[in-house]
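# Chain and residue survey
What follows is each chain in one-letter form.
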Amino acid sequence: MEVKFWKHTSELWFGWLILLVSLFFGVIFGIILTITNGPDCLFVVFVCLTLILVMIINLFTDKKLLSKVIYCENGIKIIRLKKQIDYISWDDIIEVEETIRAYNLNWLCFVTKDKKINVSLTKKMYDTIMLICPYNRIKTAVNNLDSFKCFHKKDNIIK
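Cut-offs and rules
Residues numbered from 1 in each chain as written. Predicted model: local features only at pLDDT ≥ 70, side-chain atom pairs only at ≥ 80, totals over all residues. Heavy atoms only, no water. Buried < 20%, exposed > 50% of the residue type's maximum accessible area, 1.4 Å probe, protein only. Helix = DSSP H or I, 4+ residues; strand = E, 2+ residues; numbered from the N terminus. Arc of directions from axis to C-beta. Pairing = 2+ DSSP bridges. Axes fitted to C-alpha atoms, helices over the stretch in contact; angles between N-to-C directions. Contact = heavy atoms within 4.5 Å. Parallel < 35°, antiparallel > 145°, perpendicular 65-115°, else oblique. Left-handed = near helix turned anticlockwise from the far one by under 90°. Nonpolar A, V, L, I, M, F, W, Y, C, P; charged D, E, K, R; others polar.

Right, let's talk about helix 4 (residues 136-144) for a bit. Taken residue by residue, helix 4 has Ile138, Lys139, Val142 and Asn143 as its buried positions. Viewed end-on, helix 4 has its buried residues packed into an arc of 135 degrees, placing them on one side of the element.

If you want it as structure tokens, here you go:
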């Protein structure tokens, strides 16, 4: 059984999409300014187009964006653009910790001797980990993290 989740979806939707749409409207605004005020305002179009190009290049070069985390019986895989870029076996996980990324945004970090995989934990991911993970020590470690106590239910019993 494999369950797939997009990694960093909130960052993609709320950060990148809003910035891209804003820059697109900046290009339109720059074109309108150029038409009404002359070629002196053409720099607004060039700046916005340059920033859009930088964003698109960064979108395809940054490994954390456009990637999926896959939970399966054997471990955790990270796949980006249909290519596996990272894998951690459930056996190799020695620690589970939380990583604070922003004021109210915490990530779950699976740590082995030489690797770390960070995922932004959602309720669906939490339920999937509790269902698929074969080790009670990992489930207990996730349950004991303070930031993720809100995902617990009364009927959530570690098996």
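It is worth spelling out unusual backbone geometry at this point. Of note in the backbone geometry, leucine 81 takes a positive phi value of approximately 50 degrees without being a glycine. For leucine 81, a relative accessible area of 53% puts it in the exposed group. Positioned with a positive phi, lysine 82 is a non-glycine residue whose angle comes to about 65 degrees. Structurally, lysine 82 can be placed in the loop between strand 3 (75-80) and strand 4 (83-89). Given a relative accessible area of 84%, lysine 82 falls into the exposed group.

This brings us to the sheet that holds strand 1 (residues 2-6). The strands making up a sheet are joined through hydrogen bonds of the backbone, oriented either antiparallel or parallel. Pairing in this open sheet of four strands is antiparallel, and the strands run 1-2-3-4 from one edge to the other. Taken across any chain shown, the strands that pair with only one partner, and hence form the sheet edges, are strand 1 and strand 4. Direction aside, the axes of adjacent strands within the sheet are offset by 20 degrees on average. Here strand 3 pairs with strand 4 via six bridges, running antiparallel. Its bridge partner being in strand 4, arginine 80 is matched across the sheet by lysine 83.

Let us look at the side chain of serine 67. For serine 67, the location among the structural elements is in strand 2 (residues 67-72). Accessibility expressed as a relative area gives 0% for serine 67, which makes it buried. If we skip the residues at most four places from it in the chain, serine 67 touches Phe5, Trp6, Lys7, Ile78, Ile79 and Arg80.

Their axes nearest at 9 Å, the elements helix 3 (residues 123-132) and helix 4 cross at an angle of 155 degrees. Judged on the interaxial angle alone, helix 4 and helix 3 are roughly antiparallel. Crossing handedness for the pair helix 3 and helix 4: left-handed. In this structure, helix 3 contributes Tyr126, Ile129 and Met130 to the contact, and helix 4 contributes Lys139, Val142 and Asn143. Its residues placed into classes, the contact of helix 3 with helix 4 shows four nonpolar, one polar and one charged.

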